[in-house]
Amino acid sequence: LEGLRDFELSPGRCVCVFPVRPRVQNRYGTLHGGCVATLVDVVSTVALLTVSKDPGVSVNISTNYVSPGPGGTDVEVDARVTKVGRTLAFMDVTLRTKGGGKVVATGTHCKFLPN
């Protein structure tokens, strides 16, 4: 996730920007789906760490691909913690084109909190 930048952290939330460079593009010149899934995983965990000392262990990650993230642009990644229970935490993530705000993907992430 080289290039991830402009982090804005608040309790239960992490917003950052990711450049769609050639290294993370698929053969169509858009943001690769595997990279999107990794962004959902990593950025939602950062959001969780704003409200929990425990990063947890993934139980489920789901990603919905809505529209292409064009190469050479930036996407904004917005992760929010929706619930932290005794043993599980739930996060929602939205990726949008920076500036235009078009939704590229959405995702959910559930983590087990062992401590």
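No experiment lies behind these values; they were computed from the predicted model shown. (Residues numbered from 1 in each chain as written. Predicted model: local features only at pLDDT ≥ 70, side-chain atom pairs only at ≥ 80, totals over all residues. Heavy atoms only, no water.)

Colleague: Where do I start with the sheet that holds strand S5 (residues 88-97) in this structure?
Modeller: Sheets are built from strands paired through backbone hydrogen bonds, the pairs being either parallel or antiparallel. One open sheet holds the six strands; their spatial order is S1-S2-S4-S5-S6-S3, and the pairing between them is antiparallel. Looking at the sheet topology across the chains shown, the edges are occupied by strand S1 (5-10) and strand S3 (57-65). Each adjacent strand pair in this sheet contributes to an overall mean axis angle of 15°, direction not counted. Bridge count between strand S4 (residues 74-84) and S5: nine bridges; the pairing is antiparallel. Within S5, the position partnered with Arg 80 by the bridge is Asp 92. (Pairing = 2+ DSSP bridges. Helix = DSSP H or I, 4+ residues; strand = E, 2+ residues; numbered from the N terminus. Axes fitted to C-alpha atoms, helices over the stretch in contact; angles between N-to-C directions.)

Colleague: Any chance you could explain the nonpolar core here in plain terms?
Modeller: What tends to happen in soluble globular proteins is that the nonpolar side chains get buried as a cluster. With 25 residues, the main nonpolar core has Phe 18, Leu 31, Leu 39, Val 43, Val 75, Val 77 and Leu 95 as its most contacted residues. The set of elements that each furnish at least two residues to this core consists of strand S2 (13-19), helix H1 (33-49), S4, S5 and strand S6 (103-112). Considering every element that reaches this core, the biggest residue donor is H1, with seven residues. Ignoring sequence-local partners within four residues, the contact set of Val 43 consists of Leu 4, Cys 14, Cys 16, Val 77 and Ala 79. (Core = buried A, V, L, I, M, F, W, Y, C linked by side-chain atoms within 4.5 Å. Buried < 20%, exposed > 50% of the residue type's maximum accessible area, 1.4 Å probe, protein only. Contact = heavy atoms within 4.5 Å.)

Colleague: For this particular structure, what's the right way to read the state of the cysteines?
Modeller: Working definition of a disulfide: a covalent bond connecting the sulfur atoms of two cysteines. Considering all chains together, one arrives at zero disulfides under this definition. Summary of cysteine pairing: Cys 14 is not part of a disulfide, and the nearest cysteine sulfur, belonging to Cys 16, is at 4.6 Å. For Cys 35, which is in no disulfide, the shortest distance to another cysteine sulfur is to Cys 16 and amounts to 11 Å. Given the relative accessible area of 11%, Cys 35 is considered buried. (Disulfide = S-S within 2.5 Å.)

Colleague: Can you help me understand the pattern of salt bridges in this one?
Modeller: Think of it this way: side chains of opposite charge can pair up when their charged atoms draw near. Going through the model one piece at a time under the given rule, you end up with five salt bridges. Of the charged contacts in the structure, one is a salt bridge between Arg 5 and Asp 74, with a shortest N-O distance of 2.6 Å. Of the two residues, Arg 5 is situated in strand S1 and Asp 74 in strand S4; the sequence distance between them amounts to 69 residues. Classification of Arg 5 by relative accessible area gives partly exposed; the value is 30%. Notably, a salt bridge pairs Asp 78 with Arg 80, separated by 3.5 Å at the nearest N-O pair. Judged by relative accessible area, which is 9%, Asp 78 ranks as buried. Overall, the relative accessible area of 41% leaves Arg 80 in the partly exposed class. Each of Arg 5, Asp 6 and Asp 74 takes part in salt bridges that share partners, so that together they form one network. (Salt bridge = Lys/Arg side-chain N within 4 Å of Asp/Glu carboxyl O.)

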